[in-house]
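Tertiary structure, described
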Amino acid sequence: MIYFLSDAHLGSLAIERSWAHQKKLIDLLEEMSKDAVSIYMMGDMFDFWMEYYTHDHGKHQYSPFFKELRKLNKQGIHLHFFTGNHDLWTFGGIEKLSGCQIHYEPCNITRYGKSLYLSHGDGVLPSNWQEIYPKKIARKIKRFMRLREMFRSPFLQFCFRCLPPAWGNKFGYNWAKRSRLKELDNPCPYKGEDQEELVLFAKEQEQRGVHHDYYIFGHRHIELDLQIASGSRVVILGDCFKQWTYAKLDNKGQLTMHNFES
Ligand SMILES: [Mn+2]
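Structural notes, computed from the coordinates.

The rules behind these values
- Residues numbered from 1 in each chain as written.
- Predicted model: local features only at pLDDT ≥ 70, side-chain atom pairs only at ≥ 80, totals over all residues.
- Heavy atoms only, no water.
- Helix = DSSP H or I, 4+ residues; strand = E, 2+ residues; numbered from the N terminus.
- Rg over C-alpha atoms; globule rule 2.2 N^0.38 Å.
- Buried < 20%, exposed > 50% of the residue type's maximum accessible area, 1.4 Å probe, protein only.
- Contact = heavy atoms within 4.5 Å.
- Areas by Shrake-Rupley, 256 points an atom, 1.4 Å probe, with all protein chains shown as cover.
- Lys, Arg positive; Asp, Glu negative; His and termini not counted.
- Charge placed at Lys NZ, Arg CZ, Asp CG, Glu CD.
- Pairing = 2+ DSSP bridges.
- Axes fitted to C-alpha atoms, helices over the stretch in contact; angles between N-to-C directions.
- Salt bridge = Lys/Arg side-chain N within 4 Å of Asp/Glu carboxyl O.
- Core = buried A, V, L, I, M, F, W, Y, C linked by side-chain atoms within 4.5 Å.
- Donors = N, O, S within 2.8 Å, 3.2 Å for Na, K, Ca; no water.
- Expected span 1.5 Å × (residues − 1).

For the rest of this paragraph, the subject is the overall build of the chain. In terms of regular secondary structure, the chain is built from eight helices and eleven strands. The globule rule puts the C-alpha radius of gyration for 262 residues at 18 Å, and the 18 Å found for the chain is close to it. With the principal axes as the frame, the chain shows a C-alpha extent of 50 × 45 × 30 Å. A total of 262 residues make up the chain; the buried ones form 52% of that total. Considering only residue pairs separated by 6 or more positions, the chain has 68% of its internal contacts joining residues 24 or more positions apart. As displayed, the chain has an accessible area near 13000 Å², and 54% of this comes from carbon and sulfur atoms. If the 35 positive side-chain charges of the chain are averaged to one point and the 31 negative ones to another, these points end up 5 Å apart.

Read across the open sheet, the five strands follow the order 5-6-7-9-8; overall the sheet is mixed. Edge positions in the sheet fall to strand 5 (107–111) and strand 8 (223–227), since each of these pairs with one other strand and no more. Geometrically, the sheet is characterised by an average inter-axis angle of 20° between neighbouring strands, direction not taken into account. Here five bridges tie strand 8 to strand 9 (residues 233–237), and the two strands are oriented antiparallel to one another. Bridging across to strand 9, Glu223 finds its partner in Leu237. Across the sheet, helix 8 (residues 197–207) touches strand 6 (114–119), strand 7 (214–217), strand 8 and strand 9, and the angle it forms with strand 7 is around 150°.

Taken as a whole and assessed by the stated rule, the structure comprises 15 salt bridges. The closest approach of N and O atoms between Asp122 and Arg148, which form a salt bridge, is 2.9 Å. In this pair, Asp122 is assigned in the loop between strand 6 and helix 4 (129–132) and Arg148 in helix 5 (residues 135–151), connecting sequence segments 26 residues apart. A single burial state applies to Asp122 and to Arg148, both of which are buried. For Arg220, the salt bridge is made with Glu196, and the minimal N-O distance between the two is 2.6 Å. Of the two residues, Arg220 sits in the loop between strand 7 and strand 8 while Glu196 sits in the loop between helix 7 (165–185) and helix 8, which places them 24 residues apart along the sequence. Here Arg220 and Glu196 have matching classes, each one buried.

Relative to the assigned elements, Ala138 resides in helix 5. Separated by 15 residues in the primary sequence, Ala138 and Ser153 place their C-alpha atoms 23 Å from one another.

Another aspect to go through is the sheet that holds strand 10 (residues 245–249). Think of a sheet as strands paired side by side through backbone hydrogen bonds, with each pair either parallel or antiparallel. Read from one edge to the other, the open sheet built from six strands follows the order 4-3-2-1-10-11, with strand pairing classed as mixed. Among the strands making up the open sheet, the edge pair consists of strand 4 (101–103) and strand 11 (255–259). Across this sheet, the average inter-strand angle for adjacent strands is 20°, counted without regard to direction.

This part covers unusual backbone geometry. Here the phi dihedral of Asp7 falls at roughly 50°; this positive angle occurs in a residue that is not glycine. Position of Asp7 among the secondary structure elements: in the loop between strand 1 (2–5) and helix 1 (18–32). Judged by relative accessible area, which is 0%, Asp7 ranks as buried. Notably, Trp244 is not glycine yet its phi reads approximately 50°, a positive angle. With respect to the element layout, Trp244 can be found in the loop between strand 9 and strand 10.

Turning our attention to the nonpolar core. The biggest cluster of nonpolar side chains holds 39 residues, and the ones touching the most others in it are Leu5, Leu25, Ile39, Met45, Phe46 and Phe65. Broken down by secondary-structure element, the contributors of at least two residues to this core are strand 1, helix 1, strand 2 (38–41), helix 2 (63–74), strand 3 (78–82) and helix 7. Excluding anything up to four places from it in sequence, Leu5 contacts Leu25, Leu28, Met32, Ile39, Tyr40, Met41, Met42, Met45, Leu237, Cys240 and Tyr246. Counting 17 residues, the second largest nonpolar core, distinct from the first, contains Cys107, Ile216, Val235 and Leu237.

Moving on: the coordination of the manganese ion. The coordination sphere of the manganese ion, as far as protein atoms go, consists of Asp44 (OD), Asn85 (OD1), His120 (NE2) and His219 (ND1), spread over 2.0 to 2.3 Å. Each donor residue of the manganese ion belongs to the same chain, and together they define the spacing D-x40-N-x34-H-x98-H. Highlighted residues: Asn85 in the loop between strand 3 and helix 3 (93–98) and His219 in the loop between strand 7 and strand 8, separated in sequence by 134 residues. Under the relative-accessibility criterion, Asn85 is labelled buried at 11%.

End to end, helix 1 covers 21 Å across 15 residues, agreeing with the expected 21 Å (1.5 Å per residue, within 8%). Those residues of helix 1 lying buried are His21, Gln22, Lys24, Leu25, Ile26, Leu28, Leu29 and Met32.

Given below as structure tokens:
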């Protein structure tokens, strides 16, 4: 079995009972480990992750999570960690602490005869997005893309990594909390087949003749399993703090969505 999960947002100041949250995530990984060959964590596992040039005591809170990952790794389970838009600032630290293979970019894999396209989903857009969205939404997307570009600037990353971790974390966790609260206040439900960026992206790929059986994304915090015209399925994983949803690919190549209740 291959498992896919995303968006745990560990450490979020907007999630109450952070220990219980982390514990439940560990329970879920433990459950998966019973028959997992690989586990794909599809981004934003942390609400804010930054690796500074000096020691960051704030990371100790994640020791149980990393301990679990090392354990699974030792059992021979292949662990994959995609960076999201909240935890892209890893420069070898997560790999070292967990034994995960880190993916900074989307990737294609073939497993059990099926072709899969995997991406966290931030910044994934159809090429004609400027034409299809009304001005107001297009402006919002543009702002997000500019911010995304900034987050990826090596110079700005260097500057942030020089900060004392306590300062950087205070800023980072509060920034992330604001975006979580904004989402709670103003949730953005599934926009429909003709508006949802990730669905439009998949459709465009298929029209161009790039075929994948499954497109798997996180990021949106909605659960979606949609078959599009080409027969491909677009799967958005939900999250691991409220909905506790994940996907499972069995050895016949069948992909199913599940809900974890511990
Ligand atoms: Mn995200």
